[in-house]
Amino acid sequence: MLKPNLLAALNQQINEEYYSSYIYQSMTAYFADIHLDGCAHWMRLQAEEEHAHALKIFDYLISRGARVVLAEVKAPPKEWANPLAAFEAALAHEKFMTANITKLADLAQTEKDHATNNLMQWYVTEQVEEEANVDDIVSKIKMVGTDGAGLFLIDRELKTRTVAPAAGA
Ligand code: OFO
């Protein structure tokens, strides 16, 4: 049986994953609005991946006979100064999520809950990939600076994303 403190932290993490999905969906709308359709497409897939991350914990709690409690998801920002600022915000958010996952893994280990720790190790690996993917895009956008042609090429490349870099579920 899951310890109450671990259950509360996992329910909180479900909320954080839904919020992640919400942020990326908001970024999808932002990029669509400024006609960077490749960036919008990339963010849409990212939002779907975060949704899958929420469901993975959701299903795990059910499989452990624990009660999922959904909370309000706060509204995400809706504007960013430019494409670089949006991807930098995404990177900062992923770092925040990595810190959350690390705390959850620590807690699972403290409580000697091996099943939850196993699940959290999946997220630990996932976060390494997510940070690397966004960091790569941030670096490329910085490389082209204000060159519109460069941004156009990056946008075209991001449009080729077919599945989430690391499948969420
Ligand atoms: Fe759920 O991995 Fe990003 O936040």
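The structure under discussion appears in the preceding block.
Residues numbered from 1 in each chain as written. Predicted model: local features only at pLDDT ≥ 70, side-chain atom pairs only at ≥ 80, totals over all residues. Heavy atoms only, no water.

**Some words on the environment of E88**
Alright, step 1. Here E88 shows up in helix α3 (residues 83-110).
Alright, step 2. Note on E88: relative accessible area 34%, which makes it partly exposed.
Alright, step 3. For the pair E88 and D135, spaced 47 residues apart in sequence, the C-alpha separation works out to 8.1 Å.
Alright, step 4. Those residues in contact with E88 that sit more than four places away from it in its chain are V138 and K142. (Helix = DSSP H or I, 4+ residues; strand = E, 2+ residues; numbered from the N terminus. Buried < 20%, exposed > 50% of the residue type's maximum accessible area, 1.4 Å probe, protein only. Contact = heavy atoms within 4.5 Å.)

**Comments concerning the nonpolar core**
Alright, step 1. Membership of the largest hydrophobic core comes to 24 residues, with the highest contact counts inside it found for M27, F31, M43 and F87.
Alright, step 2. Among the secondary structure elements, those contributing two or more residues to this core are α1 (4-33), α2 (37-63), α3, α4 (114-144) and α5 (148-158).
Alright, step 3. Apart from the residues lying within four places of it in its own chain, the contact partners of F87 are F31, C39, W42, M43, V134, I137, V138, I141 and L158.
Alright, step 4. If you look at the next biggest cluster of nonpolar residues, it comprises 17 residues, including L6, I57, A105 and M120. (Core = buried A, V, L, I, M, F, W, Y, C linked by side-chain atoms within 4.5 Å.)

**Things to note about the pattern of salt bridges**
Two side chains bearing opposite charge may form a pair once their charged atoms approach each other closely.
Alright, step 1. For the structure shown, the criterion picks out 6 salt bridges.
Alright, step 2. Residues K142 and E88 are paired through a salt bridge, measuring 3.6 Å at the closest nitrogen-oxygen approach. With K142 in helix α4 and E88 in helix α3, this pair connects stretches of sequence that are 54 residues apart.
Alright, step 3. In this structure, the salt-bridge partner of K140 is D136, at a minimum N-O distance of 3.1 Å. Note that K140 and D136 are positioned in helix α4 at a spacing of 4 residues, about one turn of the helix.
Alright, step 4. Take D136: its relative accessible area is 37%, and that puts it in the partly exposed class. (Salt bridge = Lys/Arg side-chain N within 4 Å of Asp/Glu carboxyl O.)

**Notes on the packing of aromatic side chains**
Alright, step 1. One pass over the full model with this rule turns up 5 aromatic pairs.
Alright, step 2. Seen from their ring centres, F31 and F87 are 5.4 Å apart, and the 35 degrees between their planes marks the pair as tilted. Here F31 is found in helix α1, whereas its partner F87 is found in helix α3, with 56 residues between them in sequence.
Alright, step 3. For F87, a relative accessible area of 0% puts it in the buried group.
Alright, step 4. Here the aromatic residues Y30, F31, W42, W80 and F87 are joined through ring pairs into a cluster of three or more.
Alright, step 5. Positioned over the ring face of W122 is K56, at 4.3 Å from the centre of the ring. (Phe/Tyr/Trp six-rings, centres within 6.5 Å; stacked < 30°, edge-to-face > 60°. Lys NZ or Arg CZ within 6 Å of the ring centre and 35° of its normal.)

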